[in-house]
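Chain and residue survey
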Amino acid sequence: MININSTLFMQMGAFLVLLFLLNIILYKPLLAKIRERFATIDELNEKARRYQEEAQKNEEEYKTKILEAEQTAKQNYASKIAAALKEKEEKIAEENRKAMDEIRKIEEQLNKNIEMELASSKDYSIDIANKIYKQLIG
C-alpha cells in the first residue's frame, strides 16, 4: 500500500522540480527546434513552388519563342521560294524573248536570202529564156 508521509511529498516535489528543469532544459529547446525545422520546411516548400512556377513560365515562354521562330522560318522559307520561283519565271521569260528575237532575225535573214535568190534566179531565168529564144528564133 501507499503510505502518505513526508517522503511522498519529497518525491512529488523532486518530480515537479525535475519536470520543471526538464521543461526548461529539454522540452522548450526541443519544441523550438521542431518549430524552426517546420518553418524551414515551409520556406523550402514555398521556394520549390515558386521555382516550379518559374520553370513552367520559362518553359511556356520557350515554347512560344520556338513556335514564333518556326513560323518566322516558315514564312522566310515561303517568301524565298516564291522569290526564287518569280526569278525563275522572269529568267525563262527573258530567255524566251531572246530566243524569239533571234528566231525573228534568222527568219528575216532567210527571207532576205530567199528574195535575193529569187531575184537572181529571175534574172538568170530571163537570161536563159532569152538565150533559148534567140537560139530558137534566131
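Residues numbered from 1 in each chain as written. Predicted model: local features only at pLDDT ≥ 70, side-chain atom pairs only at ≥ 80, totals over all residues. Heavy atoms only, no water.

1. Some remarks on the overall build of the protein chain
Along the backbone of the protein chain there are one helix and zero strands. Radius of gyration (C-alpha) of the protein chain: 58 Å, far over the 14 Å computed for a compact globule of 138 residues. Once the C-alpha set of the protein chain is aligned to its principal axes, its extents read approximately 190 × 25 × 15 Å. With 138 residues in all, the protein chain has 0% of them scored as buried. (Helix = DSSP H or I, 4+ residues; strand = E, 2+ residues; numbered from the N terminus. Rg over C-alpha atoms; globule rule 2.2 N^0.38 Å. Buried < 20%, exposed > 50% of the residue type's maximum accessible area, 1.4 Å probe, protein only.)

2. Overview of the pattern of salt bridges
Considering all chains together, one arrives at seven salt bridges under this definition. Between Lys63 and Glu59 there is a salt bridge, and its shortest N-O distance comes to 3.6 Å. Linking Lys63 with Glu59, this pair stays in helix α1 (residues 6-137), spanning four residues, or about one helical turn. With a relative accessible area of 48%, Lys63 lands in the partly exposed category. Note that Arg104 is salt-bridged to Asp101, the shortest N-O span being 2.7 Å. Taken as a pair, Arg104 and Asp101 lie in helix α1 at a separation of three residues, close to a single helical turn. The structure contains a network of salt bridges with shared partners spanning Glu46, Arg49 and Glu53. (Salt bridge = Lys/Arg side-chain N within 4 Å of Asp/Glu carboxyl O.)

3. With respect to a nonpolar patch on the surface
Together, Val17, Leu18, Phe20, Leu21, Leu22, Ile24, Ile25 and Leu26 line one region of the surface with nonpolar side chains, adding up to about 770 Å² of accessible area. Here Ile24 is to be found in helix α1. Judged by its relative accessible area of 41%, Ile24 is partly exposed. (Patch = residues over 30% accessible without salt bridge, like charges linked within 9 Å, V, L, I, M, F, W, Y side chains within 5 Å. Areas by Shrake-Rupley, 256 points an atom, 1.4 Å probe, with all protein chains shown as cover.)

4. Quick look at α1
With 132 residues, α1 should reach 196 Å at 1.5 Å per residue; the first-to-last C-alpha distance of 189 Å fits that figure. Of all the bends in α1, the greatest measures close to 45° and is centred on Asn23. (Expected span 1.5 Å × (residues − 1). Bend = angle between axes of the 7 residues up to and from the residue.)

As far as function goes, none of this settles anything; it's purely spatial.
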